[in-house]
Amino acid sequence: MFQARCSSLKMICQKFCVALLHWEFIYVTTAFNLAYPITPWKFKLSCMPSNTTYDFLFPPGISKNTSNLNGRYEAVVETKLNSSGNYLSNLSSRITFHCCFWSEEDKNCSVYADDIEGKAFVTTVNSLVFQQTGAHWNIQCWMKEDLKLFICYIESLFKNPFKNYDLTVHLLYVLLDLLEESPLLPEKGSFQIVQCNCSFNECCECHVPVPTAKLNNTLLMYLKITSGGVIFHSPPMSAQPINVVKPDPPLGLHMEITDTGSLKISWSSPTLVPFQLQYQVKYSENSTKNMKKADEIVTATSLLVDSVLPGSSYDVQVRSKRLDGLGIWSDWSTLLTFTTQDVIYFPPKILTAAGSNISFHCIYKNEKKIVSSKKIVWWLNLAEKIPQSQYDVVDDHISKVTFPNLNATKPRGKFTYDAVYCCNEQECHHRYAELYVIDVNINISCETDGYLTKMTCRWSPSAIQSLAGSNLQLRYHRSSLYCSDVPSIHPVSEPKDCHLQRDGFYECIFQPIFLLSGYTMWIRINHTLGSLDSPPVCVIPDSVVKPLPPSSVKAEITVKIGLLKISWEKPVFPENNLQFQIRYGLSGKQVQWKMFEVYDAKLKSASLPVPDLCAVYTVQVRCKRLDGLGYWSNWSTPAHTVVVDVKVPIRGPEFWRIISEDTTKKERNVTLLWKPLMKNDSLCSVRRYVVKHHTSHNGTWLEDVGNHTKLTFLWTEQAHSVMVLAINSIGASSANFNLTLSRSISKVNIVQSLSAYPLNSSCVILSWMLSPSDYNLMYFILEWKILNEDSEIKWLRIPSSVKKYYVHDHFIPIEKYQFSLYPIFTEGVGKPKIINSFTQDDEKHQHDADLYVIVPIIISSSILLLGTLSVLHQRMKKLFWEDVPNPKNCSWAQGLNFQKRTDIL
C-alpha cells in the first residue's frame, strides 16, 4: 500500500516537473451575458482571477464590485489542477478568471463571482503568473474607408516574463441578417473564424470582410486569445460597420497665402464616403513676434489663418471623422511645414481682363524688421516707377497699389506677364508679383444651316494663345424666347464641346435647336490663377440663317434682244422673303466678276446687258433674307451660256479686189478678197457668204460663196458694183461695204505723192499728198508686197481723213517693197499711187521719223541726269557741313542777327 502511494506521489512530482518545463493548454469556457457595443474609441479587455481581492490585480482606475451579481460584458475562465499534496496546497485546485470590457469613458468592470459552467486546466506556473498580474489587452475596431474590410486591432498589455510564451488570436464572428439587440447568441456552429496576424511585439490585427449591402447589419463577434498556454474567450462584441468607419488620413495638404493675405490650409479626402466628414486641424505658428498653437474643428476642406507675417513658420496636421453619428478619427496626416517669405505679396499672381482695375498688397520685411507701409514704393518690371497716386496705406505694414484700366500684357520673350515689385525706399527684393492681363474680346459668330436643323458657332483663340496652361471652354444659357436687350452671363450655364479646325478656329455645333430661343454664350478661360469670361453675345438661330443656294440656275443670251438672261429657283427654307445677288463674267481661269442685286423677292429671273453677245459667260446666284438678317448663302453651281446666233451680223466683211487682165482675150478678171468676219460683227457665227452683183445691163444677182473668202468673176461692163454679205442662222448682215468697179473713175488721179519711211523691221511710216477733187472720197486701200516676187498681196483699209499711216508688218531690210495707195470714191476706185522702194532722199521726212525715236530718249536721259545731280548735291552738302557748328547754339552768338551785315573796321 505504501509502495503504491509512493509510486503515485512520484508520478505527481514528475507531472509537476514537466509542467515547469512545458506549457499546458487549458480549456476555457466563456459564458456570454450581453454583447459589448464597440465604441469609436479604444477599449480594454481584462481577465482576472475571481478569488482574489487584491486591488493591484486591476488596472488603475477600475472599480471592482463583487456585490454586483448582474455584471455586464463578462466572461469566466476557470482553471483546475488535477493533483494533491501539501506542497501544492497553497494553490487553489480550481482557478477562475473573469474577463470584461471597459474603457476610459466607462470604467465599471463588474466581477461576476458565481461559478459559471466551463472548466480549463492549467499548469501551476502559469496559474501563478496570471494570479499575480491578470491579463489585459487594448482593443480598437473600425471599418476601413473603402467600406469593404472590418478591422480589429489587439495589443497585449501583459508583459510576459517568459520568452517562449506565444500569442495567438482568433476572431469568431457572425453577420446577422437583421439588426438585433437581443442578448442571445446564435448557435456556436454559425460563427465564422479568422486568424489574426500577430507581430513579435504581441500586437495583432484581425480582418473581417463585410459585404457592401450589409454595412447597416449587426456584426456579432468574440475573441479567442491564447497567451502563455492559457486560452481566454472574450465577452461578445457587437457593432454596425457603418457606425465605426475610420476614414483614411486626408491627402494633398497644402498651404498658401490668399489674395487677402491670410494663410489658407487646404486638403482633400482620399476617397468618397457616403456621409459628410468633419476635420480636426492642429497647427503651430513660429514667428519673430509670437508662438501660437491652435486646434480647430471644421467641416470644409480648408481653414484660413489670419494675420500672417513675413518669415513665419507653420506646422500643420489634419485628420477626419464622420460628421453625424458615430465614427472614428482617422490617423493624422503627414506633418507639413510652410515658411512665409520675407516679402509677402497678396495676391502673388493676378489674372485679369484688359480694361479692368486690380490691386496688389505687400508686406516687406527687411532683415528682422517689418518696413512701414509709408516707406514702400512700387515698380513695374523694375523699369517704370508706379506713381504714388496709385498707392494706398492699408495699415502700418500693408501697402496697396492699384492699376486702373489695364491694357493687355505684351509678351517679352518667354515672359507672358508683367513683374510688380514692392520695394523699400532704398532697395528692392528679388521676389515680385505677376500680373497677367488678357484681352478677352473673343468674337463668336454663329450661323444656322439652310435646313434649320443645327447652328454652328466659331471662334478664334488667337487673342489668348500667349497664356500657357489655359483651357478655353464655350458656355451658354438658352432662354425660352428671344434675347434680352443687354446680354449678361447667366449663373446657370452649360459647357459646349468645341473642336479645333485646321484654320485655327474652334467649331461648336448646337443640334437640335430652338429657332426663336436666345442662346447667350461666352468663352470661359480657365487657368490655375482663376477664370475669365469673354463679353457675352446672344444669338437667335432664326436670325443667323445661312440659306441654301438657289437651284436650277440657267443662263442664256436672248435671241434678237441680245441680253444675258439668268433664271433660278428660290430655296425651300427659310420661308422669309429673300433678296438675290447675281455675279457674272466672261468664262476663264480668273473671272472678272460683275455684280447685280435683285431686291424683289417675287422675281425669279433677271436680264442684263453684256458687251459681247458671242462670248461664254459664267453666272452664279446667291440669296439672303430681305430684312438683312442672317448670312448670304453659298454661290450656286455655276451656269454657262452657249454661243448661238442672237442677231443678224452687224455688217458684212471688208473686201478688196485684185484685177488681172488677159490681153489675148481682152478680158478682165476680178478677184474679191475678204477677211473672215469676227464674232462681234457676225453675232455670232457665219454660215456662208453671198456676193451681190449689180450692173446697168444685167441688173442685180446673188452668188453664194459658202465659207470661202474669195471670189473671181469676169468684169465686162463699164461699171460693176459688188457687195459681200455675211449670213448666219438669223439672217444676212444689215450693213455692208459696197465697191464699184468703173473704167472711167479708174483714171482719176488725186494722190500726188507717196513716201515710205522704215522705222524698224516691224513698222513703216507712209505719208501722201492729195490734190483737190470733185469726187466723194470714202477711204483708201493700201497694198504692199515684196517686189519682183510672186508673193502674197497684203492690204488694209485707211480712213479718208488720214494723210500719214503706220503700217505694222514684218519687213525684211534687204528686200524691196511695192506700196500702192488707192483712193476709193463712191463712184468707183481711183488711180493708185505706186512706189517701189523706201524713200531715201527726203532728209526732212527722215529727220521727222528719227525724232519719234530720239526725242523720247533725250527726255528720259535728262530726267535721270537731274535726279542724279540732286542726290549728289544733298550728299556733298551733308559731307562738308556735318561738323560745322550752328552759331546760334554758341553762347557768344546769343542775341546776334546773322542776316544783318556788320562793317569791318
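Just so it is clear, the model here is predicted, and its values are computed rather than measured. (Residues numbered from 1 in each chain as written. Predicted model: local features only at pLDDT ≥ 70, side-chain atom pairs only at ≥ 80, totals over all residues. Heavy atoms only, no water.)

Description of the state of the cysteines
Tallied over the entire structure, the rule returns 10 disulfides. Shown here is the disulfide that connects cysteine 362 with cysteine 422, its sulfur atoms set 2.0 Å apart. Around the S-S axis, the bridge from cysteine 362 to cysteine 422 shows a dihedral of about -80 degrees and counts as left-handed. Here cysteine 422 lies in strand 30 (residues 418–423) and cysteine 362 lies in strand 24 (residues 358–366), a separation of 60 residues in the sequence. Assessed through its relative accessible area of 0%, cysteine 362 is described here as buried. (Disulfide = S-S within 2.5 Å. Helix = DSSP H or I, 4+ residues; strand = E, 2+ residues; numbered from the N terminus. Buried < 20%, exposed > 50% of the residue type's maximum accessible area, 1.4 Å probe, protein only.)

Concerning the pattern of salt bridges
Taken as a whole and judged by the stated rule, the model has 13 salt bridges. Aspartate 704 is paired through a salt bridge with arginine 688; the nearest N and O atoms lie 3.0 Å apart. Of this pair, aspartate 704 sits in strand 51 (residues 699–706) while arginine 688 sits in strand 50 (residues 688–695), placing them 16 residues apart in sequence. We classify aspartate 704 as partly exposed; its relative accessible area is 48%. Residue classification places arginine 688 among the partly exposed positions, given a relative accessible area of 33%. Look at the salt bridges and you will find they share partners, linking Arg458, Asp503 and Glu507 into a network. (Salt bridge = Lys/Arg side-chain N within 4 Å of Asp/Glu carboxyl O.)

Observations concerning the sheet that holds strand 42 (residues 564–569)
Sheet architecture is open: 3 strands sit in the order 41-42-45, paired in antiparallel fashion. Looking at strand neighbours, the two that pair on one side only are strand 41 (551–557) and strand 45 (605–608), the edges of this open sheet. Neighbour-to-neighbour, the strand axes of the sheet open up by a mean angle of 15 degrees, direction not taken into account. Both strand 41 and strand 42 contribute to a ladder of 5 bridges, which runs antiparallel. Among the inter-strand pairings, serine 551 is bridged to a residue of strand 42, identified as glutamate 569. (Pairing = 2+ DSSP bridges. Axes fitted to C-alpha atoms, helices over the stretch in contact; angles between N-to-C directions.)

Some words on the pairing of strand 6 (residues 149–156)
Where strand 5 (residues 135–144) and strand 6 come together, 7 bridges link them in antiparallel fashion. The residue of strand 6 that forms the bridge with isoleucine 139 is isoleucine 154. The antiparallel pairing of strand 5 with strand 6 creates a hairpin that spans 4 residues between the two strands, and leucine 147 there sits at a positive phi of about 60 degrees. Across 7 bridges, the pairing between strand 6 and strand 10 (residues 203–209) is antiparallel. By the bridge assignment for strand 10, cysteine 152 is matched with cysteine 206.

Digging into the nonpolar core
Counting residues in hydrophobic clusters, the biggest one holds 69 residues, and the most contacted among them are Trp137, Phe150 and Leu171. Considering each element in turn, this core owes the most residues, 6 residues, to strand 5. Dropping the residues within four chain positions of it, tryptophan 137 is found in contact with Phe43, Lys44, Leu45, Cys47, Ile154, Glu155, Ser156, Leu157, Leu167, Ile225, Ser227 and Phe232. Cys457, Cys498, Cys508 and Ile525 belong to the second-largest nonpolar core, a separate cluster that totals 27 residues. (Core = buried A, V, L, I, M, F, W, Y, C linked by side-chain atoms within 4.5 Å. Contact = heavy atoms within 4.5 Å.)

Some remarks on the sheet that holds strand 53 (residues 719–727)
The strands making up a sheet are joined through hydrogen bonds of the backbone, oriented either antiparallel or parallel. Across the sheet, which stays open at both edges, the 4 strands sit in the order 51-50-53-54 with antiparallel pairing between neighbours. Because the sheet does not close on itself, it has two edges, and the strands there are strand 51 and strand 54 (738–742). Averaged over all neighbouring strand pairs, the angle between strand axes comes to 20 degrees, with direction disregarded. With 7 bridges joining them, strand 50 and strand 53 adopt antiparallel strand pairing. Within strand 53, the position partnered with lysine 692 by the bridge is methionine 723.

Digging into the packing of aromatic side chains
Applying the stated criterion to the full structure yields 26 aromatic pairs. Summarising the aromatic geometry, the rings of tryptophan 568 and phenylalanine 580 are spaced 5.2 Å apart at their centres and angled 45 degrees between planes, so their arrangement reads as tilted. Remark: phenylalanine 580 occurs in strand 43 (residues 578–586) and tryptophan 568 occurs in strand 42; sequence separation between them is 12 residues. The structure contains a cluster of three or more aromatic residues connected by ring pairs, namely Phe415, Tyr417, Tyr421, Tyr432 and Tyr436. Looking at lysine 282, its charged tip hangs above the ring of tryptophan 332, at a distance of 4.3 Å from the centre. The positively charged end of arginine 583 is found above the aromatic ring belonging to tryptophan 593, 4.3 Å away from the centroid. (Phe/Tyr/Trp six-rings, centres within 6.5 Å; stacked < 30°, edge-to-face > 60°. Lys NZ or Arg CZ within 6 Å of the ring centre and 35° of its normal.)

So, the side chain of arginine 475
Secondary-structure assignment places arginine 475 in strand 34 (residues 471–479). Put simply, arginine 475 is tucked away with no salt bridge, and the nearest opposite charge, on aspartate 533, sits 6.9 Å away. Only 2.8 Å separates the side chain of arginine 475 from the side chain of glutamine 473, close enough to count as a polar contact. Look past the residues within four positions of arginine 475 in its chain and what remains in contact with it is Ser493, Glu494, Pro495, Thr520, Met521, Trp522 and Arg524. (Lys, Arg positive; Asp, Glu negative; His and termini not counted. Polar contact = N/O pair within 3.5 Å; in protein donor to acceptor, adjacent residues only side chain to side chain.)

Let's talk about the environment of serine 372
You can see serine 372 is positioned in the loop between strand 25 (369–370) and strand 26 (377–380). For serine 372, a relative accessible area of 30% corresponds to the partly exposed category.

Structural notes on a nonpolar patch on the surface
A contiguous nonpolar patch, built from Val559, Val642, Val644 and Ile730 and spanning about 310 Å² of accessible area, is present on the exposed surface. Turning to its location among the elements, valine 644 is positioned in the loop between strand 47 (639–640) and strand 48 (655–662). Among the residues examined, valine 644 registers a relative accessible area of 37% and is labelled partly exposed. (Patch = residues over 30% accessible without salt bridge, like charges linked within 9 Å, V, L, I, M, F, W, Y side chains within 5 Å. Areas by Shrake-Rupley, 256 points an atom, 1.4 Å probe, with all protein chains shown as cover.)

Things to note about the pairing of strand 10
In this structure, strand 9 (residues 197–198) lies alongside strand 10, joined through 2 bridges in antiparallel fashion. Each bridged residue has a counterpart across the sheet, and for asparagine 197 the counterpart in strand 10 is glutamate 205. Linking strand 9 back to strand 10 in an antiparallel pair, the connection comprises 4 residues, with glutamate 202 at a positive phi of about 60 degrees.

Focus: unusual backbone geometry
Of note, the bond from glutamine 511 into proline 512 is cis; its omega dihedral lies within 30 degrees of zero at 0 degrees. With respect to the element layout, proline 512 can be found in the loop between strand 37 (506–510) and strand 38 (518–527). Here phenylalanine 573 and proline 574 are connected by a cis peptide whose omega angle stands at -5 degrees. Relative to the assigned elements, proline 574 resides in the loop between strand 42 and strand 43. Positive phi is not limited to glycine here, since leucine 452 has a value of about 60 degrees. Along the chain, the position of leucine 452 falls in the loop between strand 32 (444–448) and strand 33 (455–459). The phi dihedral of tyrosine 482 is positive, around 60 degrees, even though this residue is not glycine. Locating tyrosine 482 in the fold gives a position in the loop between strand 34 and strand 35 (494–496).

Quick look at the side chain of threonine 456
Mapping threonine 456 onto the fold places it in strand 33. Setting aside residues no more than four positions away along its own chain, threonine 456 makes contact with Ser445, Cys446, Glu447, Glu507, Cys508 and Ile509.

Comments concerning the environment of tyrosine 345
For tyrosine 345, the position within the fold is in strand 22 (residues 343–346). The class for tyrosine 345 is buried, based on a relative accessible area of 3%. Along the sequence, tyrosine 345 and phenylalanine 360 sit 15 residues apart, while their C-alpha atoms lie 6.9 Å from each other. When residues no more than four places from it in sequence are discounted, the contact partners of tyrosine 345 are Ile257, His361, Cys362, Trp378, Val420, Tyr421, Cys422, Arg431, Tyr432 and Ala433. Of note is the side chain of tyrosine 345, whose polar atom sits 2.7 Å from the backbone nitrogen of cysteine 422. A distance of 3.0 Å separates the side chain of tyrosine 345 from the backbone oxygen of arginine 431, its partner in a polar contact.

Brief notes about the confidence of the model for the chain
In low-pLDDT regions, the fine details of the predicted coordinates are not to be read closely. When pLDDT is averaged along the chain, the result is 81, and 80% of the positions lie at 70 or above. Below a pLDDT of 50 lies the segment residues 12–33, which in the model reaches 60 contacts outside its immediate sequence neighbourhood of four places, other chains included. Taken as a whole, residues 61–94 scores under 50 in pLDDT and shows 104 contacts with residues more than four places along the chain or in a different chain. (pLDDT = per-residue confidence, 0-100.)

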